[in-house]
Amino acid sequence: MLPNLSLTLLAGVLITPSLANIQVAAACVGLALVLPGKVFFPNTTPYNEHNSYWSARQDELTPNCFVAPHSASDVSKALKVLRDTKAPFTVKSGGHVPFPSSNVDTGVVIDLSEINGLTLSADKTVVSVGPGNRWTAVAEYLLPEGLAVVGGRVGDIGVSGLTLGGGISWFSGRYGWACDNVREYEVVLANGSIVVANVGTNPDLYKALRGGGGPNFGIVTRFDLETFEQGNIWYKESLHAPTEANEAIEVFSDLAVDGLNDDDLAHPVMFAAYQPALGGNVIQIFRWHATPPADLNTVPAVFEPLEAIPAISEKNASLTVPDMLNVYVDAAGLRKGWWDTSIRAGNAAALQDIIANYGVWAAANLADKPDVVAVLLIIPIPTSTIAQFGKNGGNSLGVDPNTPAQIKINTYITWGSASQDSYMNDIATQLVGQTEQIAKDANAFDDGFIYMNYAERTQDVYGRRGPDIIAELKATAKKFDPKDVLKNQWKGYFKV
Ligand SMILES: Cc1cc2nc3c(=O)[nH]c(=O)nc-3n(C[C@H](O)[C@H](O)[C@H](O)COP(=O)(O)OP(=O)(O)OC[C@H]3O[C@@H](n4cnc5c(N)ncnc54)[C@H](O)[C@@H]3O)c2cc1C
Ligand SMILES: *[C@@H]1O[C@H](CO)[C@@H](O)[C@H](O)[C@H]1NC(C)=O
Ligand SMILES: *[C@@H]1O[C@H](CO)[C@@H](O)[C@H](O)[C@H]1NC(C)=O
């Protein structure tokens, strides 16, 4: 036993890193040969431009080279070199995952930013989107046509990561998540083959890519997204003092079960932020409506109940989709992390207890760390949205289309120092556990769905989806990557 163990340790500590370094060096040289002018090495301006990420946990990494393919066939060439050299790699679209996943220290990053085409179909029902696009570019392209797609709510986010993991949108009440509105994918498989996946061709791959994430299945080089007619979008935000918190939470909680289901063009989000100087948890409520009221002194009927809650401050506007994408910018810099769970909607007392407990947690764990910001982000998923999860043969989120309304509860933290990384993961994990326990005690816990795009890498994203979806995703990964190339070499993010 012992000799084997020490051999394994030796291999892990001594042999593997140097082997990986040799493999990566060979990969970068090989890539520069097959894709001349598209490979970038450290200490150059293009390398530094590609090495730009939203969270410092990714931004601080230094890959051996970036390769920026211009087409699916370039991606295919790159993947073949990586497969043959066995080098570790990853893929970057918008670079907005908080933890290492679209960047890598020893390895190659395939940066898709040059594959950024946008083409509207002749009948204008589908827009073909290159995987290196951000949502602002998509929205600006569609604006003159009076069209929009189900996409992100912040303009700088990548089309790829958001759509592959799910994609919560202002328009999700009517159309479901972004993944439910992809008509076809073009995908480069592990062996370099370029295939399409839609409801009739490679339906298993099509289903896996809708909410199952990218890194297990292939590199998507085109998303065909369904369009719909869309003019301005209306929003209003309001800030409420701790004394109003419980009332605000109750009204918000009621909306998720009684309101949103009857008006599928409405979408609200709530933040809770512990503010000791103000005496507790302040509540911020954002609401959007896809049809602005004719008179901006009024609000869409669905949001009327929120008007009765006294507010410290509030504002509203009717904006184009590209302008709306710029309202809530979350700047790059600092270390970031989020930890996700969800409870059943319709239990206001449980949500009040969860938010009160978060305040106690923040006071206990962060009082001496004034530079750390930790908030709860609360997003209802009404039944109107969940029903859309069954569209086109169903997605891979693992949430049955008949599931009652849910509320996502996300713990979002930003901090400054790498030395605090494990502390933040520890306390956030504790808080998620407490949140789920409060929900269980109140009989308001279903499967605790964890949204991949809001999850930390320590969370069991696939585990919560149940054995059927896991088995399906594993089989699809094996079918399209029989030699485990992606499984072994594509670093970071979630592996089924
Ligand atoms: C400020 C902010 C606002 C946000 N708003 C929303 C929102 O409104 N709704 C919502 O649902 N989520 C939202 N998110 C979460 C967002 O969906 C995730 O952070 C998402 O993963 C970001 O995608 P990306 O392309 O920018 O990330 P990246 O880090 O570039 O990619 C994410 C993962 O996908 C892989 N990948 C990238 N491109 C491909 C590809 N073409 N094929 C296969 N795999 C690929 C990468 O290797 C990586 O593992 C927001 C995040 C931030 C930071
Ligand atoms: C929207 O904002 C305007 C001022 O910018 C204000 O007059 C109006 O009352 C606001 N409407 C609502 C519903 O808050
Ligand atoms: C590539 O992989 C796919 C999926 O496993 C397979 O169907 C296809 O035949 C492979 N192509 C080549 C050229 O090996």
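Residues numbered from 1 in each chain as written. Chains lettered and ligands numbered in written order. Predicted model: local features only at pLDDT ≥ 70, side-chain atom pairs only at ≥ 80, totals over all residues. Heavy atoms only, no water.

A. Highlighting the overall build of the protein chain. Along the backbone of the protein chain there are 15 helices and 18 strands. For 496 residues, the compact-globule formula gives about 23 Å, and the C-alpha radius of gyration of the protein chain, at 23 Å, lands near that figure. Along the first, second and third principal axes, the C-alpha atoms of the protein chain reach 65 × 60 × 45 Å. A buried classification covers 58% of the 496 residues belonging to the protein chain. A separation of at least 24 residues holds for 74% of the contacts in the protein chain among residues at least 6 apart in sequence. Only carbon and sulfur atoms are counted for the fraction: they give 55% of the accessible area of the protein chain, which is about 19400 Å². (Helix = DSSP H or I, 4+ residues; strand = E, 2+ residues; numbered from the N terminus. Rg over C-alpha atoms; globule rule 2.2 N^0.38 Å. Buried < 20%, exposed > 50% of the residue type's maximum accessible area, 1.4 Å probe, protein only. Contact = heavy atoms within 4.5 Å. Areas by Shrake-Rupley, 256 points an atom, 1.4 Å probe, with all protein chains shown as cover.)

B. Highlighting the site of ligand 1. Inspection of the region around ligand 1 gives 36 residues, with Val91, Ser102, Arg153, Ile168 and Tyr451 positioned closest. One of the backbone nitrogen or oxygen atoms of Val97 is found 3.5 Å away from an oxygen atom of ligand 1. Residue Trp490 places a side-chain N or O atom 3.4 Å away from an oxygen atom belonging to ligand 1. Protein chains bury 98% of the 980 Å² of accessible surface belonging to ligand 1 in isolation. If you list the elements that add at least two residues to the shell around ligand 1, you get strand S3 (89-92), helix H6 (159-165) and strand S10 (219-226). In terms of residue count, H6 provides more of the shell around ligand 1 than any other element does, four residues in total. Looking at side-chain class alone, the shell around ligand 1 contains 18 nonpolar, 15 polar and three charged residues. (Near = heavy atom within 4 Å. Polar contact = N/O pair within 3.5 Å; in protein donor to acceptor, adjacent residues only side chain to side chain. Nonpolar A, V, L, I, M, F, W, Y, C, P; charged D, E, K, R; others polar.)

C. Inspection of the site of ligand 2 at higher detail. In the vicinity of ligand 2, the contacting residues are Lys236, Leu296, Asn297, Thr298, Val299, Glu314 and Asn316. Side-chain polar atom of Lys236 to an oxygen atom of ligand 2: 2.8 Å apart, as the coordinates give it. A distance of 3.1 Å is found between an oxygen atom of ligand 2 and a side-chain nitrogen or oxygen belonging to Asn297. Among the residues making up the shell around ligand 2, the classes are represented as two nonpolar, three polar and two charged.

D. Expanded view of the sheet that holds strand S12 (residues 233-240). On the basis of which strands lie adjacent, the open sheet formed by seven strands has the order S15-S12-S14-S13-S17-S18-S16 and antiparallel pairing. The open sheet is flanked by strand S15 (313-319) and strand S16 (335-344), the only strands paired with a single partner. Pairwise comparison of adjacent strand axes, ignoring direction, gives a mean angle of 15° for this sheet. Relative to S15, S12 is paired through seven bridges, and the arrangement is antiparallel. If you follow Glu237 over to S15, its bridge partner there is Lys315. Across the sheet, helix H13 (residues 421-441) is in contact with S16, strand S17 (373-381) and strand S18 (406-415); its angle to S16 comes to roughly 10°. (Pairing = 2+ DSSP bridges. Axes fitted to C-alpha atoms, helices over the stretch in contact; angles between N-to-C directions.)

E. Summary view of the pairing of strand S4 (residues 108-111). The alternating pattern of S4 places Val108 and Ile110 on one face and Val109 and Asp111 on the opposite face, and all of these are buried. Pairing of strand S2 (residues 65-67) with S4 involves three bridges; the strand directions are parallel. Within S4, the position partnered with Cys65 by the bridge is Val108. Of the pairings in the sheet, the one linking S3 to S4 comprises four bridges and is parallel in character. Pairing of Phe89 across the sheet is with Val108, part of S4.

F. How the structure looks around the domain arrangement of the protein chain. Under the domain assignment used here, the protein chain contains domain 1 (4-113), domain 2 (118-230) and domain 3 (233-319 + 333-463). On a C-alpha basis, the centroid separation for the pair domain 2 and domain 3 is 25 Å. With 30 residues of domain 2 at the interface, the matching set in domain 3 holds 27 residues. A combined buried area of about 2400 Å² lies between domain 2 and domain 3, and 51% of that area is made up of carbon and sulfur atoms. Its largest share of buried area at the contact with domain 3, domain 2 owes to Trp170, Arg174 and Trp177, together 27% of the area lost on that side. (Domains from an automatic or database assignment. Buried area = accessible area lost by both parts, 1.4 Å probe.)

G. Representation of a negative patch on the surface in the model. On the surface, a cluster of negative charge is made up of Glu247, Glu250, Asp254, Asp258 and Asp262. With relative accessibility at 58%, the residue Asp258 sits in the exposed group. (Patch = residues over 30% accessible without salt bridge, like charges linked within 9 Å, V, L, I, M, F, W, Y side chains within 5 Å. Salt bridge = Lys/Arg side-chain N within 4 Å of Asp/Glu carboxyl O. Lys, Arg positive; Asp, Glu negative; His and termini not counted. Charge placed at Lys NZ, Arg CZ, Asp CG, Glu CD.)

H. Layout of the sheet that holds strand S5 (residues 118-120). One open sheet holds the five strands; their spatial order is S5-S6-S10-S8-S9, and the pairing between them is antiparallel. Since the sheet does not close on itself, it has two edges, and those belong to S5 and strand S9 (194-197), each with one partner. Taking the axes of each pair of neighbouring strands and ignoring which way they run, one obtains an average angle of 15° across the sheet. Across six bridges, the pairing between strand S8 (residues 182-188) and S10 is antiparallel. Opposite Tyr185, over in S10, you have Phe223 as the bridge partner. Helix-sheet contacts for helix H4 (residues 72-85) involve S8, S9 and S10, and the interaxial angle to S8 is about 45°. Each of S5, strand S6 (126-129) and S10 is contacted by helix H5 (residues 135-142), which is oriented at about 35° to S5, the strand it contacts most.

I. Region of interest: the packing of aromatic side chains. Under the criterion given, the structure shown has 27 aromatic pairs. Centre to centre, the rings of Phe171 and Phe228 are 5.0 Å apart; their planes meet at 75°, and the pair counts as edge-to-face. With Phe171 in the loop between H6 and helix H7 (172-175) and Phe228 in strand S11 (residues 228-229), this pair connects stretches of sequence that are 57 residues apart. With respect to class, Phe171 is no different from Phe228; both count as buried. With centroids separated by 5.3 Å and ring planes inclined at 75°, the aromatic side chains of Trp177 and Phe389 adopt a geometry described as edge-to-face. With Trp177 in the loop between H7 and S8 and Phe389 in the loop between helix H12 (383-387) and S18, this residue pair connects regions lying 212 residues apart in the sequence. Assigned by exposure class, Trp177 and Phe389 land together as buried. Taken together, the ring pairs in this structure connect Trp170, Phe171, Tyr175, Phe228, Tyr235, Phe271, Phe286, Trp288 and Tyr328 into an aromatic cluster. (Phe/Tyr/Trp six-rings, centres within 6.5 Å; stacked < 30°, edge-to-face > 60°.)

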